[in-house]
Every structure is written in structure tokens, then in C-alpha cells.
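Read off the chains here:
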Amino acid sequence: MIGSSRPYPWPYHGRFEPSGAALLLFTGDVDAVPEREVVSRLHSLIAEARSSGVAVIALPAAGGGTPVTDVAGCDAVVVRPRLGGFTGTGLALVLRNLGRTDLLIAGFPFELGADCTMRQANDLGYECVMVEDCCSAVSPETFAGAVSSIQMSGGIFGTVASSEDVLELLRGGGASPA
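Given the structure is predicted, the values throughout are model-derived calculations rather than measurements.

Q: Please set out the overall build of the protein residue by residue, giving values where relevant.
A: A tally of helices and strands in the protein yields five helices and six strands. From first element to last, N terminus to C terminus, the protein shows the α and β order β-α-β-β-α-β-α-β-α-β-α. Taken over the C-alpha trace, the protein has a radius of gyration of 14 Å; the compact-globule value for 178 residues is 16 Å, and the two agree within 12%. Across its three principal axes, the protein shows a C-alpha extent of roughly 45 × 35 × 30 Å. Per-residue burial over the protein gives 49% buried out of 178 residues. Accessible area of the protein: about 7700 Å², with a carbon and sulfur share of 54%. Of note, the protein has its 11 positive side-chain charges centred 5 Å away from the centre of its 19 negative side-chain charges.

Structure, rendered in C-alpha cells:
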């Protein structure tokens, strides 16, 4: 579990298993490239997710934007025709076939596809965590609002954590007790 995630320890059900988790990567809603530090943290997260057994699913926007990661090594690529990753796509089927219910969400810009998908996922029963420092923003104000909305009402749309805490979990340092 990630005890320092906000507003509750993630995952809510109390037991993290890499074989039940997926990292959803969002790219391509705009042509702006995130800061180098964000890209570096994102690449570290992808590498650790892959090595720990977490499925890596790329969700590029249809028809545009700038990718920040090679999708060739992903377990699946689901092109989004809309902002939300579940609308008009086979994302739910991909997750179900892979047996994944815990979702790590990262990418850019967060306020567009990632935020919308996180809300959809929560409504569909997925347990979600936003990896805050592996995301970039359209603007600081809209990003702050998106992060705040996730945490309102005790975590109505999931929770928020740092890449450092997620990496510790993936490396087994935050493993749930048996």
C-alpha cells in the first residue's frame, strides 16, 4: 500500500498485487512536450512497472500530439477518439482480459484525457491513483483544480501519490501484508 497517498492509502481495498494493476499512459492531447524532469520520472515509472509485472497500456489521443514514450513495449495501445479512455474504445475489455482493476494514471496533459479517464474508471469500479509528478498540465490552475477534485469528499475519484512512493511500492518496499 501507499500510505502517504492522498486522501487515503492506495489501494483502498488494502492489497496491492502487480498482476492486478495497470499503468495507463496518456499522451498526445496537445503538442506541448512536458518538462524534462516529468519525462524522466515517467520513463522510470514505466520501466519499474514493466519489471514488476504491472501491465503498461498506452492511451494516445487519436490523430495528434507529441508522444513521450515508445509504445512498442506496451502490453496494449488503446487509441482514444475522445478525451475519456473508456468512451468509444476497447479499454474496459483490455483491462478485463488482463485481469487488471488497480490503475496507476500518468501522462500529459493530465486535465484532458487522464483526468476524464480517471473519473470514468472510478465510476466503473477501478481503484485509481494519479502519479502526480509524472503528469504535466495545461496550466497550473487547471492542474491544481484537477488534483483537488480527485481528493474531495474523501477521494471521490481516487487518490494522488508521488512517483517516489509508487516506485517504492513497485519495488516491494510498500508491499501489502499477507
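Q: Describe the sheet that holds strand β5 (residues 127-135), with residues and values.
A: Ordered in space as β3-β2-β1-β4-β5-β6, the six strands form an open sheet in which the pairing is parallel. Edge positions in the sheet fall to β3 (76-77) and β6 (159-161), since each of these pairs with one other strand and no more. Pairing geometry for strand β1 (residues 21-27) and strand β2 (residues 55-60), over six bridges, is parallel. Note that in β2 the partner of T27 across the bridge is P60. Here helix α2 (residues 91-98) sits on the sheet in contact with β1, β2, β3 and β4 (102-107), set at roughly 175 degrees to β2.

Q: How would you summarise the nonpolar core if you had to cite specific residues and measurements?
A: One recurring pattern in soluble globular proteins is that nonpolar side chains are buried together. L23, L45, V54, L104 and V166 are the most contacted members of the largest nonpolar core, which has 27 residues in total. Elements that contribute at least two residues to this core include exactly β1, α1 (36-52), β2, β4, β5 and α5 (163-170). Tallying contributions element by element places α1 first for this core, with five residues.

Q: I'd like a rundown of the environment of T27, residues and numbers included.
A: Tracing the sequence through the fold places T27 in strand β1. Considered as a pair, T27 and L112 are 85 residues apart in the sequence and their alpha carbons are 9.9 Å apart.

Q: Run through the packing of helix α3 (residues 110-123) against helix α4 (residues 140-155), naming residues and quoting values.
A: Two numbers describe how α3 lies on α4: the axes approach to 11 Å, and their chain directions differ by 10 degrees. When the interaxial angle is binned, α3 and α4 end up roughly parallel. Counted together, F110, E111, D115, M118 and R119 of α3 and T142, F143, A146, S149 and I150 of α4 form the full contact between these two elements. Here the contact of α3 with α4 is built from residues that sort into five nonpolar, two polar and three charged.

Parameters at a glance
Residues numbered from 1 in each chain as written. Predicted model: local features only at pLDDT ≥ 70, side-chain atom pairs only at ≥ 80, totals over all residues. Heavy atoms only, no water. Helix = DSSP H or I, 4+ residues; strand = E, 2+ residues; numbered from the N terminus. Rg over C-alpha atoms; globule rule 2.2 N^0.38 Å. Buried < 20%, exposed > 50% of the residue type's maximum accessible area, 1.4 Å probe, protein only. Areas by Shrake-Rupley, 256 points an atom, 1.4 Å probe, with all protein chains shown as cover. Lys, Arg positive; Asp, Glu negative; His and termini not counted. Charge placed at Lys NZ, Arg CZ, Asp CG, Glu CD. Pairing = 2+ DSSP bridges. Contact = heavy atoms within 4.5 Å. Axes fitted to C-alpha atoms, helices over the stretch in contact; angles between N-to-C directions. Core = buried A, V, L, I, M, F, W, Y, C linked by side-chain atoms within 4.5 Å. Parallel < 35°, antiparallel > 145°, perpendicular 65-115°, else oblique. Nonpolar A, V, L, I, M, F, W, Y, C, P; charged D, E, K, R; others polar.

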